[in-house]
Amino acid sequence: MRRPHRQSGLMPLTFKLVKYFLLTLAGFTITYIAAIVLDLPLVAEIIVVVLERGLGRSLVLLGCLWAIAVINESARS
């Protein structure tokens, strides 16, 4: 009889982090649009700087975590 496949804690963690990453990105987008509409160039510039410096690194880290989770799940089955 086959044992049920138990998922490790890495895959749900990865999905949760991706969810919050996308929610943060949506929040920054809404804030940037509001700053442009309300003519707040300093706020818009701060958002652009934060996104330029942090978005790429965060995306790379999430991609690596996702790849590790997929490899881990493949090795277990």
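To be clear, the structure that these remarks concern was listed above.
Residues numbered from 1 in each chain as written. Predicted model: local features only at pLDDT ≥ 70, side-chain atom pairs only at ≥ 80, totals over all residues. Heavy atoms only, no water.

### With respect to the packing of helix 1 (residues 10-37) against helix 2 (residues 41-76)
Working step 1: It is at 10 Å that the axes of helix 1 and helix 2 come closest, and there the two elements cross at 165°. Of the possible angle classes, the one that applies to helix 1 and helix 2 is roughly antiparallel. Once helix 1 is placed against helix 2, the crossing between them reads as left-handed.
Working step 2: Looking at the contact of helix 1 with helix 2 residue by residue, the class counts come to 24 nonpolar, four polar and one charged. (Axes fitted to C-alpha atoms, helices over the stretch in contact; angles between N-to-C directions. Helix = DSSP H or I, 4+ residues; strand = E, 2+ residues; numbered from the N terminus. Parallel < 35°, antiparallel > 145°, perpendicular 65-115°, else oblique. Left-handed = near helix turned anticlockwise from the far one by under 90°. Nonpolar A, V, L, I, M, F, W, Y, C, P; charged D, E, K, R; others polar.)

### With respect to the side chain of threonine 14
Working step 1: Within the element layout of this structure, threonine 14 appears in helix 1.
Working step 2: Apart from residues no more than four positions distant in its own chain, threonine 14 is found in contact with Leu65, Trp66 and Ala69. (Contact = heavy atoms within 4.5 Å.)

### Some thoughts on helix 1
Working step 1: Spanning 28 residues, helix 1 covers 41 Å between terminal C-alpha atoms, matching the ideal 40 Å at 1.5 Å per step.
Working step 2: Residues of helix 1 that are buried: Met11, Thr14, Phe21 and Ala35.
Working step 3: Considering only its buried residues, helix 1 is in contact with helix 2. (Expected span 1.5 Å × (residues − 1). Buried < 20%, exposed > 50% of the residue type's maximum accessible area, 1.4 Å probe, protein only.)

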